[in-house]
Amino acid sequence: MNLRTTNYKLISGLKSTGEFLKSRKGLILSIFLLLLIWFLLCLPDPLFKNKTSTVLEDRNGNLLSAQIAEDGQWRFPYNEHVPDKFTASIIQFEDRSFYKHPGFNPIAFCRAFVQNIKAGRTISGGSTLSMQVIRLSRKGKKRTYLEKVIEIIQAARLELRFSKEEILALYASNAPFGSNVIGIDAASWRYFGRSPDKLSWSESATLAVLPNAPGLIYPGKNQERLKLKRNRLLDQLFKTGILDKESCELAKEEPLPGKPHQIPKLATHLLQRAAKENHKGERVLSTLDGHLQERVNEILENHHKILKGNEIHNACAVVIEVSTGNVLAYAGNTNNAGKPEYNSDVDVINAPRSTGSILKPFLFTSMLNDGDILPGTLIPDIPTQIAGYAPQNYNTTFDGAVTAKRALARSLNVPAVRMLQNYGIEKFNYNLKKIGMTTLDHTPDHYGLSIILGGSEAKLWDLTGMYASMARALNNYIPNGGKYDQNDLHANTYIEKPKTEKILNTINYFDAASIYLTFEAMVEVARPDEDAGWRQYTSANKVAWKTGTSFGFRDGWAIGVTPKYVVGVWAGNADGEGRPGLTGIQAAAPILFDIFSLLKPSKWFDIPFDEMEKVGVCRLSGCRATELCEPVDTIRVQRAGLRSMPCPYHKLIHLDKQKVYRVNSNCEDISQMNHVSWFVLPPAMEWYYKSKNPSYKELPPFRSDCETQGSGAMEIIYPKQYSKIYVPIELDGSIGKTVFEVAHRKADAMIYWHLDGKYMGSTQNIHQMGLTPDEGNHTLTLVDEEGESIIEKFEIISKRK
């Protein structure tokens, strides 16, 4: 072999060795990178996937209610705050080097290994708190050496991802505390009935020793072993200088917990609602005022004791902060423990119920806003039938005419129906939806005029939100420089929402003046005179409020508004059973005012002068004054009120020289006449009005030598022109009677009745007659003793067997 060949082989060998070394380094580097990637990704995200309890807290973080997790465990959601006493206790008991090691403590591990060898069994694991967090996250894994290695590696990775405080919080939130209690939050409430930050040193030490053997030692079982462990830990806290001698000895004297406590149930219905509204398994920091919530619950239960004497078993109440729409108290139902038939689990605040009269203020505001009425405009209150619908006032009487604001204050049904007929069902439905009523699922025609008297359903949640939006718009009108923030119109909320930028506009769904005048009218709502307590309250605190009672006495409503608060109350039976006396004024209003007595009084709403105009108003009709009106008052009304109708009731009449009789140009010289302005109501209105208003002056009669044709002295109350009357069939197969009614200005006038040209009889003083027309079209002719006549056509509809 020559030198060239030898050198060639040597060079080739060196190249092969270099390539081999390079490939080996590459393999090592690859393995290292793979291990590094595995290390970086070895922790699952999230670390814990356990089902957690739904927890409801008040605005200060105090527990109101909680719902057990789906797996049957009391496991509250992760809490980053760990109390100092528990932190010191758990570190001294489990991992004294917690703040020094990187997740694994070799010294503790070796010490545990030696102890286990000497004992011949496992008496110590040497696990750090970080390793225990990993073991808790890998639940169900057998405790083997391989598993221990995995725990060490993942604990080291845990230390790189989380801070020491976060690791401690993970442990505290997921450690077992015996029975079905997981985490310090649940354990603190179950064993001591209070939050972890309020625990004593003894209680914190007790909880710190429980996760070490939760299946063997837990409150109520093996008390001596638990007490020994707790006292040993207290001694350790004394040795390290965390506790002084006296505190240590006093802590040892504290008793151990016994039977588990009930989790608070201060707002169970809101808790259930939060769980349904995508907050299941979360810690919900609500807007509720915990103290107010407790007091409202007490008031509701106190009244429940009275109401159930009348077999009224359910009631609810909600308190809203006007400025934000935040819920301050939410009592969804009364407690009927052990009686599921009373449906205490139903959240009535968010359940649709028949509205009764509770929507009347929204109609009043709508008509003011559109310039259809002034607050004092007279509204007819007479027997009324519209397309077969005949509303009745609660007291079944009629006033003839009543001011719009008085009709609202007294909650009169007939004027409300007439107002709605004039305003328009479609417009009213549109307004209700726009301001937050979510239960109008049908067309306006489906509800008809009855919507104003309870022909629809609403939620107390929606109604209080609607009133709160109105109050908010009024409150902010002046601060916003005479403009409206469009964001003031929104629903209530039980979770704090971030503030939004103002969107100012000169137009609002209701103007501030109309809202103000509505609230002023609602202040005058009639209250029971016999209740001196109510009079005392309302003399000190001004509240705009309204009640409602549904058909059949099934629902009693009461809602009150001040510049700061809206309070809503419902009382009744969740199954819809009606009860005598189940009215808004008797069942719900007392609860309303008891709740208002808990709230801080505030000054009344500022008057929105920029939205108001001074105008002359007829004192008798409440309409804009004409030159015939006297007396006239100058008042401030909503600007839209300038478009309202002028007074239609003051008329110029002509009297003789002595001002005793009416005359006309056919019987008296004009120069001998006295021309006088007279307040004249239509006959039907006058008939009822004069009985309630003694000061009303009837028109003087015509002098005997004067013609009186067309004087308009008569008016048919029932039926109206072209009415279709359904008459039921009697048992004998005949058509039942229909009672016809007429009003005449002259109290003792004689009226002669004719049906289809046939004389039927006469009436005097009270003009009512029962007639039995056959099926089909008919003509009713009435003639008074002075020859004035009136004719109306109608149709009888009946269904024979």
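Any chance you could break down the packing of aromatic side chains for me, citing the residues and the numbers?
Enumeration according to the criterion identifies 14 aromatic pairs in this entry. Looking at Lys164, its charged tip hangs above the ring of Phe98, at a distance of 4.7 Å from the centre. In this structure, Lys427 packs its charged tip against the face of Tyr423, placed 4.1 Å from the ring centre.

Please provide a residue-by-residue account of the sheet that holds strand E28 (residues 789-797), values included.
Spatial ordering of the open sheet is given by E22-E28-E27-E24-E25, a layout of 5 strands whose pairing is mixed. Edge positions in the open sheet fall to strand E22 (723-726) and strand E25 (758-764), since each of these has one partner strand only. Strand-to-strand twist in this sheet, taken as the mean axis angle between neighbours without regard to direction, amounts to 30°. Bridging between strand E24 (residues 750-755) and strand E27 (residues 776-784) involves 5 bridges; their strand directions are antiparallel. Following the sheet pairing, Tyr752 is matched in E27 by Val783.

Hey, could you go over helix H5 (residues 145-161) for me, with residue numbers and the actual values?
The first and last C-alpha atoms of H5 sit 24 Å apart over 17 residues, in line with the 24 Å expected at 1.5 Å per residue. Along H5, the residues that are buried comprise Glu147, Lys148, Glu151, Ile152, Gln154, Ala155, Arg157, Leu158 and Glu159.

Describe the pattern of salt bridges, with residues and values.
For the structure on display, the rule yields 28 salt bridges. Its salt-bridge partner being Asp185, residue Arg283 comes within 2.9 Å of it at the nearest N-O pair. Here Arg283 is found in strand E5 (residues 283-285), whereas its partner Asp185 is found in helix H7 (residues 184-192), with 98 residues between them in sequence. The exposure class assigned to Asp185 is buried, which follows from its relative accessible area of 8%. Shared partners join several salt bridges into a network, and the residues in it are Asp235, Lys245, Glu249 and Lys252.

Quick rundown of the environment of Thr324? Include the residues and the values.
Considering the arrangement of structural elements, one finds Thr324 in the loop between strand E6 (314-321) and strand E7 (327-331). Residue Thr324 is classed as partly exposed on the basis of its relative accessible area, which comes to 28%. For the pair Thr324 and Asp488, spaced 164 residues apart in sequence, the C-alpha separation works out to 8.5 Å. Beyond its immediate chain neighbours, meaning those up to four positions away, Thr324 contacts Arg472 and His490. Only 3.0 Å separates the side chain of Thr324 from the backbone nitrogen of Asn326, close enough to count as a polar contact.

Break down the nonpolar core for me, with residues and values.
Ranked by size, the top nonpolar core spans 78 residues in total, and within it Leu359, Phe362, Phe428, Leu432, Ile452, Leu463 and Phe519 carry the most contacts. Per element, the largest residue contribution to this core is 11 residues, and it comes from helix H18 (residues 460-477). Of all hydrophobic cores here, the second largest spans 50 residues; its members include Ala66, Phe86, Ala169 and Val209.

Give a detailed account of the sheet that holds E5, specifying residues and quantitative values.
The strand order across the open sheet built from 3 strands is E2-E1-E5, with neighbouring strands paired in mixed fashion. Both outer strands of the open sheet, strand E2 (63-67) and E5, are each paired with one neighbouring strand and no more. Averaged over all pairs of adjacent strands, the angle between their axes in this sheet comes to 15°, without regard to strand direction. Summarising the sheet, strand E1 (residues 54-57) and E2 pair through 4 bridges and their orientation is antiparallel. Residue pairing across strands places Thr54 opposite Gln67, the latter belonging to E2.

Quick one: what's the story with the state of the cysteines, residue by residue and with numbers?
The full count for this structure, using the stated rule, is 1 disulfide. In this model Cys667 forms its disulfide with Cys706; the gap between the sulfur atoms is 1.6 Å. Judged by the sign of its S-S torsion, about 80°, the bond between Cys667 and Cys706 is right-handed. Separated by 39 residues along the polypeptide, Cys667 in the loop between strand E19 (650-655) and strand E20 (674-679) and Cys706 in the loop between helix H22 (683-692) and strand E21 (714-718) bring together distant segments of the chain. Of the residues examined, Cys706 reaches a relative accessible area of 7% and is grouped as buried. In this model Cys647 remains outside any disulfide bridge; the closest cysteine sulfur is found in Cys629, 3.6 Å from its own. Under the relative-accessibility criterion, Cys647 is labelled buried at 7%.

Pulling in residues and values, what's your account of the side chain of Ser195?
Tracing the sequence through the fold places Ser195 in the loop between H7 and helix H8 (201-209). On the accessibility criterion, Ser195 (14% relative accessible area) is buried. Here Ser195 is in contact with Ser188 and Trp189, once residues within four sequence places are set aside.

Go over helix H10 (residues 245-253), please, and point to the residues and values.
Taken together, the buried positions of H10 are Cys248, Ala251 and Lys252. Seen end-on, H10 carries its buried residues on one side only, within an arc spanning 100°. Opposite the buried face of H10, by more than 90 degrees, sit the exposed residues Glu246, Leu250 and Glu253. Lining the buried residues of H10 we find H8 and helix H9 (223-239). One side-chain oxygen at the N-terminal end of H10 lies 3.3 Å from the backbone nitrogen of Glu246; it belongs to Asp244.

Any chance you could break down the confidence of the model for the chain for me, citing the residues and the numbers?
Per-residue pLDDT for the chain averages 87, and the proportion of residues at 70 or more is 90%. Below pLDDT 50 for its whole length, residues 528-533 participates in 4 contacts with residues either more than four positions away or in separate chains.

Please give an account of unusual backbone geometry that cites residues and values.
For the peptide bond that leads from Glu630 to Pro631, omega is -5°, which places it in the cis range. Following Tyr718, the chain continues to Pro719 via a peptide bond in cis, the omega torsion being 5°. Secondary-structure assignment places Pro719 in the loop between E21 and E22. With a phi close to 60°, Glu311 is a non-glycine residue in the positive phi region.

Go over the packing of helix H4 (residues 129-137) against H5, please, and point to the residues and values.
Interaxial distance between H4 and H5 falls to 8 Å at its minimum, and their mutual angle equals 110°. With respect to H5, the element H4 is oriented roughly perpendicular. By crossing handedness, the relation of H4 to H5 is classed as right-handed. Contacts between H4 and H5 involve Ser130, Met131, Val133, Ile134 and Arg135 from the former and Lys148, Glu151, Ile152, Gln154, Ala155, Leu158 and Glu159 from the latter. In terms of residue class, the contact of H4 with H5 is made up of 6 nonpolar, 2 polar and 4 charged.

Break down the pairing of E2 for me, citing the residues and quoting the values.
Within E2, 4 of the 5 residues are buried, leaving the element largely enclosed by the surrounding structure. In this structure, the hairpin formed by E1 and E2 is closed by a connection of 5 residues, where Gly61 is found at a positive phi of approximately 85°.

Describe a nonpolar patch on the surface, naming the residues involved and giving the relevant values.
A cluster of nonpolar side chains, namely Leu29, Phe32, Leu33, Leu34, Leu36, Ile37, Leu40 and Leu41, defines an oily patch on the protein surface of about 780 Å² accessible area. By relative accessible area, Leu33 is classed as partly exposed at 42%.

Go over the environment of Val402 with me, naming the residues and quoting the values.
Here Val402 is to be found in strand E10 (residues 400-403). Here Val402 falls in the buried class, since its relative accessible area comes to 5%. Each C-alpha atom of the pair Val402 and Tyr689 lies 8.4 Å from the other, and the pair is 287 residues apart in sequence. Leave out the neighbours within four places in its chain, and Val402 touches Thr377, Leu378, Ile379, Asp381, Ala407, Arg410, Leu412 and Pro415.

Pulling in residues and values, what's your account of the side chain of Asn369?
Residue position: Asn369 is located in helix H13 (residues 360-369). According to the relative accessible area criterion, Asn369 is buried, its value standing at 16%. At 3.2 Å, the side chain of Asn369 forms a polar contact with the side chain of Asp370. Only 2.8 Å separates the side chain of Asn369 from the backbone nitrogen of Asp511, close enough to count as a polar contact. For Asn369, the residues in contact, after removing those within four places along its chain, are Tyr509, Phe510, Asp511, Ser514, Ala640 and Arg643.

Analysis parameters
Residues numbered from 1 in each chain as written. Predicted model: local features only at pLDDT ≥ 70, side-chain atom pairs only at ≥ 80, totals over all residues. Heavy atoms only, no water. Phe/Tyr/Trp six-rings, centres within 6.5 Å; stacked < 30°, edge-to-face > 60°. Lys NZ or Arg CZ within 6 Å of the ring centre and 35° of its normal. Pairing = 2+ DSSP bridges. Helix = DSSP H or I, 4+ residues; strand = E, 2+ residues; numbered from the N terminus. Axes fitted to C-alpha atoms, helices over the stretch in contact; angles between N-to-C directions. Expected span 1.5 Å × (residues − 1). Buried < 20%, exposed > 50% of the residue type's maximum accessible area, 1.4 Å probe, protein only. Salt bridge = Lys/Arg side-chain N within 4 Å of Asp/Glu carboxyl O. Contact = heavy atoms within 4.5 Å. Polar contact = N/O pair within 3.5 Å; in protein donor to acceptor, adjacent residues only side chain to side chain. Core = buried A, V, L, I, M, F, W, Y, C linked by side-chain atoms within 4.5 Å. Disulfide = S-S within 2.5 Å. Arc of directions from axis to C-beta. pLDDT = per-residue confidence, 0-100. Parallel < 35°, antiparallel > 145°, perpendicular 65-115°, else oblique. Left-handed = near helix turned anticlockwise from the far one by under 90°. Nonpolar A, V, L, I, M, F, W, Y, C, P; charged D, E, K, R; others polar. Patch = residues over 30% accessible without salt bridge, like charges linked within 9 Å, V, L, I, M, F, W, Y side chains within 5 Å. Areas by Shrake-Rupley, 256 points an atom, 1.4 Å probe, with all protein chains shown as cover.

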